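# Architecture at a glance
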Amino acid sequence: MGLESATPVSTLHEKASYRVGDFEVPTGREEEWRFTPLRRLRGLHNGTAAEGGKVVVDVEAAPEVAVETVARDDGRLGRAYVPADRISAQAWESFEHATVITVPKEAVASAPTVVRLRGEDASGAAYGHTTVVVEPFAVATVVLSHRGSATYADNVEFVVGDGASLSVISLQDWEDDSVHVSHQHARLGRDARFTGHNVTLGGDLVRISPSVAYTGPGGDAELYGVYFVDGGQHLEHRLLVDHAVPHCRSRVDYRGALQDQDAHAVWIGDVIIRAEAEGTDTYELNRNLVLTDGTRVDSVPNLEILTGEVVGAGHASASGRLDDEHLFYLQARGIPRDEARRMVVRGYLGQLIDKIEVAEVREKVAEAIEAELDKGLHKEPDQGAGE
């Protein structure tokens, strides 16, 4: 499979191809790579990645759901998503087996389907591919759990049929030595609904690129994200919502907290409303809470509108420290400053954590946030974060 598109839809999404050779090696000067520390990708971006990495995939499926491990020539793979950058194309060319999850027509899954991906060796690169097919009028929840140590690149396709509904929770809780670059693409049919949650906590460098495309009117997508960045971590989320058909809706809300020296969060939110997508209703939001000095936030919302016939279109981005008035209000009622700060952070991130439908995952995420707060929230924001 060769070059699929060379005509820019937007300046950040100029081509798509299954072949690595169709993409130039990034230098870091390109808009889509300028925030990513390429030297920390361990060669995933330029073909020099060491071989021999291992990521084990285990699936615990709902009774109504079928799971298959297939060879790379399976015709269901790659139909919904064409790689949009060099690492994504490298993952496509390099994976050996893929996981295909199918929810039959009109089935309502009685339990979440949990895909556990466990890294066992970060010294070499591993590649993966997952395709989730939700047939018309079916309903399902899928959890992607990433743990262990890995240097890993993968593509994930979500094919949501007409009138179907899919909720996905992707948890990136890698060990500190891990690198993970992933594209997660959802293709929505007529009147289909997709809810995506990305929770990113662990890893040395994690770059997640969720995207949504609509193939029929009435599609509805909600994308939520929670991330907590510690010292030295680079956590990056790059979203694309491509409105190409009329009367579809999208909502994006990503929130992060950062603490300690050289914690770096990147959020890029691209929404495209094409000329034929009349009646689009979209809004995207990113917020970042800075808990100590020494951190860095890059937040860039992009909205490209090619038609004036929209229901609504907007975006917002804000990054800042804790509100002193909130802290004063709580302290004035006898709550110690450290606990007051905890309460504010819990409330700030908890609004999105509470939206996670699976209680077990929701509780684990809340516990993980508490653990992050235990690491460094006692530090005052006017202190040097590296002290």
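The model shown is predicted, which means the values in this text are computed figures rather than measured ones.

So, on to the overall build of the chain. A count of helices and strands for the chain gives four helices and 18 strands. Structurally, the chain occupies a C-alpha span of about 60 × 50 × 45 Å along its principal axes. Expressed as a percentage of its 387 residues, the buried residues of the chain come to 56%. Counting only contacts in the chain whose residues sit at least 6 apart along the sequence, the fraction spanning at least 24 positions is 85%. A total accessible area of about 15700 Å² is found for the chain, and carbon and sulfur atoms account for 47% of it. Positive and negative charge centroids in the chain, built from 38 and 63 side chains respectively, lie 1 Å apart.

With that settled, consider the packing of aromatic side chains. Here the structure, examined in full by the defined rule, presents four aromatic pairs. Ring centres 5.6 Å apart and planes at 35° place the aromatic pair F158 and F194 in the tilted group. With F158 in strand β7 (residues 139-160) and F194 in strand β10 (residues 193-200), this residue pair connects regions lying 36 residues apart in the sequence. Put simply, the rings of Y18, W92 and F95 pair up and form one aromatic cluster. The cationic tip of R72 hangs over the ring face of W92; the distance from NZ or CZ to the ring centre is 5.7 Å. A cation sits over an aromatic face here: R207 above W33, 3.9 Å from the ring centre.

For the chain, mean pLDDT is 91; residues scoring 70 or higher make up 91% of the total. In the predicted structure, residues 1-9 sits below a pLDDT of 50 and forms 26 contacts with residues beyond four places in sequence or in another chain.

Let us look at the pattern of salt bridges. By the definition in use, this model includes 22 salt bridges. Of the charged contacts in the structure, one is a salt bridge between R255 and D253, with a shortest N-O distance of 3.1 Å. Pair check on accessibility: R255 and D253 agree, each one buried. One network of salt bridges, in which partners are shared, links D85, R207, E236 and R238.

What counts, and at which threshold
Residues numbered from 1 in each chain as written. Predicted model: local features only at pLDDT ≥ 70, side-chain atom pairs only at ≥ 80, totals over all residues. Heavy atoms only, no water. Helix = DSSP H or I, 4+ residues; strand = E, 2+ residues; numbered from the N terminus. Buried < 20%, exposed > 50% of the residue type's maximum accessible area, 1.4 Å probe, protein only. Contact = heavy atoms within 4.5 Å. Areas by Shrake-Rupley, 256 points an atom, 1.4 Å probe, with all protein chains shown as cover. Lys, Arg positive; Asp, Glu negative; His and termini not counted. Charge placed at Lys NZ, Arg CZ, Asp CG, Glu CD. Phe/Tyr/Trp six-rings, centres within 6.5 Å; stacked < 30°, edge-to-face > 60°. Lys NZ or Arg CZ within 6 Å of the ring centre and 35° of its normal. pLDDT = per-residue confidence, 0-100. Salt bridge = Lys/Arg side-chain N within 4 Å of Asp/Glu carboxyl O.

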